[in-house]
Amino acid sequence: MLELRNVNAFYGRAQVLFDISLNVGEGECVALLGRNGAGKTTTLLSTMNLVTHSGEILFKGSPLSGRQPFDIAKVGVGFVPDSRRIFPTLSVEENLNLGKKAGHDGQAKWSIDRVYEVFPKLRQIAGRDGGNLSGGEQQMLSIARALMGNPEIVMLDEPTEGLAPVIVEDLIEIIATLKRERMTVLLVEQNVSAALSLAERCYIYDHGYITGEKTSREIAGDDSLKRELLGV
Ligand SMILES: Nc1ncnc2c1ncn2[C@@H]1O[C@H](COP(=O)(O)OP(=O)(O)O)[C@@H](O)[C@H]1O
Ligand SMILES: [Mg+2]
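Since we're looking at a predicted model, the values are computed, not measured.

J.: Tell me about unusual backbone geometry, and please be specific about residues and values.
T.: Among all residues save glycine, negative phi is the norm, and among peptide bonds the norm is trans. One non-glycine residue, Lys 60, lies in positive phi territory at about 50°. When you line up the elements, Lys 60 lands in the loop between strand E4 (52-59) and strand E5 (62-63). Classification of Lys 60 by C-beta neighbours within 10 Å gives partly exposed; the count is 15. The phi angle at Asn 150 is positive, at roughly 50°, despite the residue not being glycine. Residue position: Asn 150 is located in the loop between helix H6 (135-148) and strand E7 (153-157).

Written as structure tokens, this is what we have:
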């Protein structure tokens, strides 16, 4: 569904991604793991064409390069940035409705009612201002808003970052629900155990390179690799 081939990315003259190649199949959940600064966020930003890059990025076989970010969203790539980007003066429901659009085939699987079924907490706080939410509520709203656009893949950048353990559990359950709904997910996580519980496959990043591709089962059984990934 999503394929990156030999992607290099740059901030000004500084190259931060080197020859990144990865793929995410339909219905798969794939995680990007690696230390802070390794290039995971930049990979997602390159896919949305928000940073300068070279190489090929294909969505369902068609190149995304050269398209505007809103156009990339329109063809079915949902992106939940680590900044969450909630509109503080709009209510939860207004934030959700801003994300609304039909899918590529004109279908709207994710209506507001369907979103509230998966995120019952958002229904309870539908009228509250976006600026008045806890970190966990903001994260749920940010994911839910992306779903309102009926994407075919969602890219989640560190959804559990900075959240209390019970909220992390809720978020893992929500992402697991998306997987059961056959959503394709590209997940960036520093929380290795969360990533391993959700993803089938992981790419391991180090200093802008992908240094390995492993199944979550392989990583779970490799204590020294796990220690290395946790050593942020
Ligand atoms: N806006 C920016 N300008 C310059 N360098 C940046 C910018 N954003 C990130 N970087 C650098 O790019 C590298 C990769 O960062 P990033 O993709 O955010 O890593 P990760 O998400 O894996 O923590 C790091 O060295 C980081 O310092
Ligand atoms: Mg990051």
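J.: Provide a residue-level description of the site of ligand 1, including the pertinent values.
T.: Looking at ligand 1, the residues that line it are Tyr 11, Ala 14, Val 16, Gly 34, Asn 36, Gly 37, Ala 38, Gly 39, Lys 40, Thr 41 and Thr 42. Taken together, the elements giving at least two residues each to the shell around ligand 1 come down to strand E2 (14-24) and helix H1 (40-47). For the shell around ligand 1, the element with the highest residue contribution is H1, accounting for 3 residues. A per-class count over the shell around ligand 1 returns 4 nonpolar, 6 polar and 1 charged.

J.: Help me get a handle on H1, residues and values and all.
T.: With respect to burial, H1 is a largely interior element, 8 of its 8 residues being buried. Regarding H1, the residues found buried are Lys 40, Thr 41, Thr 42, Thr 43, Leu 44, Leu 45, Ser 46 and Thr 47. Looking at the residues trailing H1, positive phi occurs at Asn 49, about 60°.

J.: Hey, could you go over the sheet that holds strand E3 (residues 29-34) for me, with residue numbers and the actual values?
T.: Pairing within the open sheet is mixed, and its 6 strands lie in the order E6-E7-E8-E3-E9-E10. With one partner strand each, in any of the chains shown, strand E6 (77-80) and strand E10 (209-215) form the two edges of the open sheet. Averaged over all pairs of adjacent strands, the angle between their axes in this sheet comes to 15°, without regard to strand direction. Across the face of the sheet, H6 comes into contact with E6 and E7 while running at roughly 165° to E6.

Parameters at a glance
- Residues numbered from 1 in each chain as written.
- Chains lettered and ligands numbered in written order.
- Predicted model: local features only at pLDDT ≥ 70, side-chain atom pairs only at ≥ 80, totals over all residues.
- Helix = DSSP H or I, 4+ residues; strand = E, 2+ residues; numbered from the N terminus.
- Buried ≥ 20, exposed ≤ 12 C-beta atoms within 10 Å, placed from the backbone.
- Near = placed C-beta within 6 Å.
- Nonpolar A, V, L, I, M, F, W, Y, C, P; charged D, E, K, R; others polar.
- Pairing = 2+ DSSP bridges.
- Axes fitted to C-alpha atoms, helices over the stretch in contact; angles between N-to-C directions.
- Contact = placed C-beta atoms within 7 Å.

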